[in-house]
Structures are given as structure tokens and as C-alpha cells.
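Residue strings, one per chain:
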Amino acid sequence: MTTEITTRMTAAAAQEAQAGTATAARAWNHTHVLDLDDFSREEIEIVLDLADRMREILDRRIARVPALRGFTVVNLFYEPSTRTRASFELAGKVLGADVLSLSASTSSVQKGESLIDTVRTMRAMRADAIVIRHAMAGAPYLAATHTDAAIINAGDGSHAHPTQALLDLYTIRRHVGDLAGKRVVMVGDIAHSRVARSDLWGLTTMGADVVVCGPPTLLPRGLRVSDRPAHAESALPPVTIETDADRALEGADVVIALRLQSERQEGGLLPSLHEYAEHYQVTERRLARANPNHLLMHPGPKNEGIEISGPVARGSHSIIEEQVTNGVAVRMALLYLLSGGTEPPGGDAPTRTADGDARR
Ligand code: MLT
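Remember, it's a predicted structure, so these values are computed and weren't measured experimentally. (Residues numbered from 1 in each chain as written. Predicted model: local features only at pLDDT ≥ 70, side-chain atom pairs only at ≥ 80, totals over all residues.)

A. Up close: unusual backbone geometry. A cis amide bond links G300 with the next residue in sequence, P301, at an omega value of -5 degrees. If you trace the backbone, P301 turns up in the loop between strand 10 (295–297) and helix 12 (310–313). The phi angle at R126 is positive, at roughly 75 degrees, despite the residue not being glycine. For R126, the position within the fold is in the loop between helix 5 (115–124) and strand 3 (129–134). We classify R126 as partly exposed; it has 14 C-beta atoms within 10 Å. (Helix = DSSP H or I, 4+ residues; strand = E, 2+ residues; numbered from the N terminus. Buried ≥ 20, exposed ≤ 12 C-beta atoms within 10 Å, placed from the backbone.)

The structure is reproduced here in C-alpha cells:
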């Protein structure tokens, strides 16, 4: 495939492409994508820059390139999903990969097969990348120690959802450029949100000024307040914590409303849904305090009338649907990088290196 692309370039462009390939290959050090806590700013930028290229491909009338021909992606979903699963499927297909989606309810998992056995079985069928969503935090990490296929965490319990965080970063960057110094406010059920945790890593790595807001019972332990000294056991990067939504939204450049995760609530965390909505729902009245050009985001699925009002979700500041489109582009970029591919400057479609082809 490299040859195919190279023949379309001039000798100088081919040289430039080789240099670019070497640089990107040096900077991209991930065999798996498990969370963003081990991503540098440079690595995040590689993904976002490549997502720009992928977004161009996605916006073509016929969105198909053969960049991942011969590459097999397996979606292994042990928890329900609409966006993430469809997004990985489309991302693989746009790039010409073979994509297979398994859900726990219709696979041998029902007969007691373990995650490790299932992952090994998929690898035995020559899966190159396995996308895992699981209710147990850490499940994709366990899988990664038992296979040489690339593992992508598509959400593990309340722990992490790195591809959602990357698409959030990409979507914000498309609107505001540099994220450094931007006030990004996450409102809602932070404690149970894997999106919030991965967003915290990604946003702080990119220099954003992050505020998390929710009732005290829905704020996770291990949050570190930015104006206090770091302590060794801090589990998350430093942020500002607010329990008053009106105060939190003051001057916000970006507002990320988070779903109240009813499936992960232990009893007694909230007095009532009505009261929660009363104090924490992102409404037009509350957003009047934000920057007049603020962006409104939500990872979906939304509970309209609980964490976000209908008019806000569909209002002029909402970029929720754009997040979904960008999710495909970002996942294309990740699959492509995990296949060993890099961005050839001047090529009209991405290509893969010999290393990537050698993954099998
Ligand atoms: C997730 O799977 O974590 C979603 O993208 C967000 C949610 O479920 O609220």
C-alpha cells in the first residue's frame, strides 16, 4: 500500500513523507489505547491532527479509502452502546478494514467464556484491533496483557473512556483552537462518569482550566484541587471543584453536561431526581452566566429534563451532533495509528508503514 501511495507523489514529497513517517512513529508510542493518563500533549496532537485528515475523508461524497485493507477490527461490547460501537464500526469501514461486532448477549460469553478466552479466540481469527466495553473497570487492561492485538478501551465501568475524551478534545479544538486557559466546566454525575475521568486527563494535559461540578455525593474521591499542593496519592489531575452550578458556569467557555448514570447509582446518593434537576440541570437560565460564545457538549445518551434541558440540548450553542460525527474521525485516526500507519504529507489518503503490515 505504501508503494501505491508513493507512486502518486514526487520524489521530494516521498522523501518528506518518509521523514514525516519517522517523526510520527517516534512520537506515537501506544500499542493500546487504555486511557489518556499516559498520553503526552504531543501524542494527543498527533491524534487530533490526523483526525482532521480523517474528517476530510469522512466528508467526501464517497467516504471510502483502502488505508486499512486487510486489517481486522473486532468490537467486543459487554455493555450496551449506540454511538461508540457504531462509530468504531463506521471508522473501520471507511478505512477499508474488516469489522466484526460481537455483543456479550449473543456470544459464548453467555456460556461462561471468560474475557481472556474471548480475546484470545478473536486474535486466533487474526483480529488486529479489539475494541472492548466492559462494566468492570480494568477489563481492557487485563485483556491487553493477554494478547498482542491492539486493545482499545471503549469504556470500562466508571473508570475511563479515552476515545470519547479524544473526540471531545478534537471537537473543542475545531471551535476554539488552542485549549490552553479555556474554562471547561463539567456538570453532573462526575463520580460515575468514565467520560469525566478521561476528559480530566485530556483537558488538563492540553492546558485547559477544568472545573467539575456536581452534588458532593456525585464527586469522586481522589479529586485534586488545583490551588492546593499535590499529594502523592492523588488519583486524578488538578481541577477546581464546585458544588454550586450557577457559580461553576460563570464565564465558562465550554460546558460538558454529563448523564446521571442511574445504572451505577448505589442507593441514597440523591434525595430525588427532581431535586437533582432543580440544582444541576444545565438550563438556558444557568448558561446565561457562561461566556456568550460558549460551546455546549454532552457525550450522550442524554436524559433530557434531568441533567440537560431540551432547548439547551438543541440550542444554538449545542455541538452534541458534531461530537458524534467527530467521534468517527477520531476513531479512524486511532485505528490507523494502531495499525502502524502515519500521516504522509502530500498524500491524498493515509497509508500504512511496513511495520503496520507486519502486525499479524
Ligand atoms: C459512556 O459509555 O460512558 C457514554 O458515552 C456516556 C454515558 O454513558 O453517559
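B. Fine view of the pairing of strand 1 (residues 72–77). Extensive coverage of strand 1 is indicated by the burial of 6 of its 6 residues. Here strand 1 shows no split at all, with T72, V74 and L76 on one side and V73, N75 and F77 on the other all buried. The pairing of strand 1 with strand 2 (residues 98–103) spans 6 bridges and is parallel. In the strand pairing of strand 2, T72 is matched with D98. For the segment spanning strand 1, helix 4 (residues 83–94) and strand 2, crossover handedness is right-handed. As paired strands, strand 1 and strand 3 are joined by 5 bridges and run parallel to one another. Paired with F77 across the two strands is R133, which belongs to strand 3. (Pairing = 2+ DSSP bridges. Right-handed = clockwise from strand over helix to strand, strands pointing away.)

C. Structural view of the pairing of strand 9 (residues 254–257). Here strand 9 shows two buried faces, one formed by V254 and I256 and the other by V255 and A257. Here strand 9 pairs with strand 10 via 3 bridges, running parallel. The residue of strand 10 that forms the bridge with V255 is L296.

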